Amino acid sequence: AVPPNNGDSLTYRLSRAGYWLQHGGLHWIADPHTERQNEFPPNAELEQLYTLAFMRGDGAAALTQWLAALTLVAAVAGLARRLGYSRAASVFAGLLFATFAEVALQSSSTQNDLVAASFVAAAAYFVRSPARVELALAGLAVGLALGTKVSAWLVLPVLGLLALVSLPPRRLAFGVAAACAATVAFAGPFLALNLAHTGRPFGEADEQEI
């Protein structure tokens, strides 16, 4: 109900989406006031860009994080069910997660932490199934997460270990292939732009060091 007002949103998240909207397309900003406008992964800001374009303003820009919070509630509950907990206990876990201070505060912001976390949680949920469709969705979620926030790369060993203990070898190979393909599609362009303009796939920003 109020305009976005946190520092990250105003200094580079919404401002980069505003640049793209003003210039009619995605591009490397020639003279950014912070290198974060170019070098940080853009997937969450792309979602915000759609709201700016269709709403002709930033009134729905926080919808991205709010929907991500709902996704996390569902993912936590779903993971609990797949770990063998009762339906009531699983739903309680998901709803309890939504009350955590970080989640509640971020859900009304235009940052990207919940968006990245929702993709990671979705990948963890889908990778617990041997079904090809769900493994393809797990791979898609991995690619989207890596194109949303650099810290998502740090979660790959955990997701890999979860896949290793959950899947037979053939299904594991399929899941890895799906994740690689999605990474090329949804994180690859960002890495390529950084490599072309800075010589490093994650850019020159100190915040990008992982």
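Remember, it's a predicted structure, so these values are computed and weren't measured experimentally.

1. A closer look at the nonpolar core
At step 1: Judged by nonpolar contacts, the single largest core of 30 residues is most densely connected at Leu 114, Val 127 and Val 142.
At step 2: Counting only elements with at least two residues in this core, the list comes to α4 (63–82), α7 (113–126), α8 (132–146) and α9 (156–166).
At step 3: Considering each element in turn, this core owes the most residues, 9 residues, to α7.
At step 4: When sequence neighbours within four positions are dropped, the list of residues in contact with Leu 114 reads Gln 65, Ala 68, Ala 69, Leu 72, Val 103, Gln 106 and Ser 107.
At step 5: Counting 5 residues, the second-largest nonpolar core is a separate cluster that includes Ala 17, Trp 20, Leu 46 and Leu 52.

2. Some details on a nonpolar patch on the surface
At step 1: Nonpolar side chains collect at one region of the surface, where Leu 63, Trp 66, Leu 67 and Leu 70 lie side by side and expose about 380 Å² of accessible area between them.
At step 2: Here Leu 70 is to be found in helix α4.
At step 3: The class of Leu 70 is partly exposed, set by a relative accessible area of 43%.

3. Describing the environment of Val 158
At step 1: Relative to the helices and strands, Val 158 is located in helix α9.
At step 2: Overall, the relative accessible area of 54% leaves Val 158 in the exposed class.
At step 3: With 34 residues separating them along the chain, Val 158 and Ala 124 place their C-alpha atoms 9.1 Å apart.

4. Points about helix α1 (residues 7–23)
At step 1: In this model α1 runs 23 Å from its N-terminal to its C-terminal C-alpha over 17 residues, within 8% of the 24 Å that 1.5 Å per residue would give.
At step 2: Of all the bends in α1, the largest measures some 40° and sits at Ser 15.
At step 3: Those residues of α1 that fall on the buried side of the exposure criterion are Ser 9, Tyr 12, Arg 13, Leu 14, Ser 15, Arg 16, Ala 17 and Trp 20.
At step 4: The opening residue of α1, the one whose side-chain oxygen lies 3.4 Å from the backbone nitrogen of Asp 8, is Asn 6.
At step 5: Phi turns positive one or two residues past the end of α1, at Gly 24, with a value near 75°.

5. Structural notes on the packing of aromatic side chains
Aromatic ring pairs are defined here through the distance separating the ring centres and the angle between the ring planes.
At step 1: Applying the stated criterion across every chain, the model contains 4 aromatic pairs.
At step 2: Plain terms: the ring middles of Tyr 125 and Phe 126 are 5.2 Å apart, the flat faces sit at 70° to each other, and that makes the pair edge-to-face.
At step 3: Judged by centre distance (5.6 Å) and plane angle (85°), the rings of Trp 153 and Phe 202 are edge-to-face. Here Trp 153 is found in the loop between α8 and α9, whereas its partner Phe 202 is found in the segment after α11 (188–198), with 49 residues between them in sequence.
At step 4: Of note, Arg 82 hangs over the ring of Tyr 125, and the distance from its end group to the ring centre comes to 3.9 Å.

6. Considerations on the environment of Ala 116
At step 1: Relative to the helices and strands, Ala 116 resides in helix α7.
At step 2: For Ala 116, a relative accessible area of 6% corresponds to the buried category.
At step 3: A sequence separation of 111 residues divides Ala 116 from Asn 5, and the C-alpha atoms of the two residues are 21 Å apart.
At step 4: Once residues within four sequence positions are removed from consideration, Ala 116 is found in contact with Ala 145, Thr 148 and Lys 149.

7. Observations regarding the side chain of Lys 149
At step 1: Structurally, Lys 149 is set in the loop between α8 and α9.
At step 2: Within the local environment of Lys 149, its side chain forms a polar contact with the side chain of Asn 112, the two groups lying 3.1 Å apart.
At step 3: When neighbours within four sequence positions are excluded, Lys 149 is seen to be in contact with Arg 13, Pro 41, Asn 112, Asp 113 and Ala 116.

Conventions and cut-offs
Sequence order as written defines residue numbering, which begins from 1 separately in each chain. Only residues with pLDDT of at least 70 get local features here, since the model is predicted, and only at 80 or more are side-chain atom pairs given and counted; chain-wide, interface and lining totals rely on the full set of residues. Only hydrogens and water are set aside; all other atoms, that is, all heavy atoms of the structure, feed into the side-chain values. Here, the term nonpolar core denotes a set of buried Ala, Val, Leu, Ile, Met, Phe, Trp, Tyr and Cys residues that are joined through side-chain atoms within 4.5 Å. Three exposure classes are used, based on accessible area relative to the maximum for each residue type with a 1.4 Å probe and protein chains only: buried under 20%, partly exposed in between, and exposed over 50%. Only DSSP runs of H or I with at least four residues qualify as helices, and only runs of E with at least two residues qualify as strands; both kinds are numbered from the N terminus onward. By the convention used here, residues are in contact when the closest approach between their heavy atoms is within 4.5 Å. In this scheme, patches are assembled from residues that exceed 30% relative accessible area and form no salt bridge. Like charges are connected within 9 Å, while nonpolar side chains (Val, Leu, Ile, Met, Phe, Trp, Tyr) are connected within 5 Å. To be clear on the numbers: accessible area is Shrake-Rupley with a 1.4 Å probe, and residue cover counts the displayed protein chains and nothing else. Basic side-chain nitrogens of Lys or Arg form a salt bridge, by our definition, when they fall within 4 Å of a carboxyl oxygen of Asp or Glu. Any helix carries an expected span of 1.5 Å times its number of residues minus one. The reported bend at a residue is simply the angle between two axes, fitted to the 7 residues ending at it and to the 7 residues beginning with it. Pairing of N or O atoms within 3.5 Å defines a polar contact, subject to two protein rules: one partner must be a possible hydrogen donor and the other a possible acceptor, and residues neighboring in sequence count only if both atoms are side-chain atoms. To pair, rings of Phe, Tyr and Trp, with the six-membered ring standing in for Trp, must have centres within 6.5 Å; the planes then decide the type, stacked if under 30 degrees apart, edge-to-face if over 60, and tilted in the middle. Only Lys NZ and Arg CZ are tested; either one counts as a charge over a ring when it is within 6 Å of the ring centre and within 35 degrees of the ring normal.

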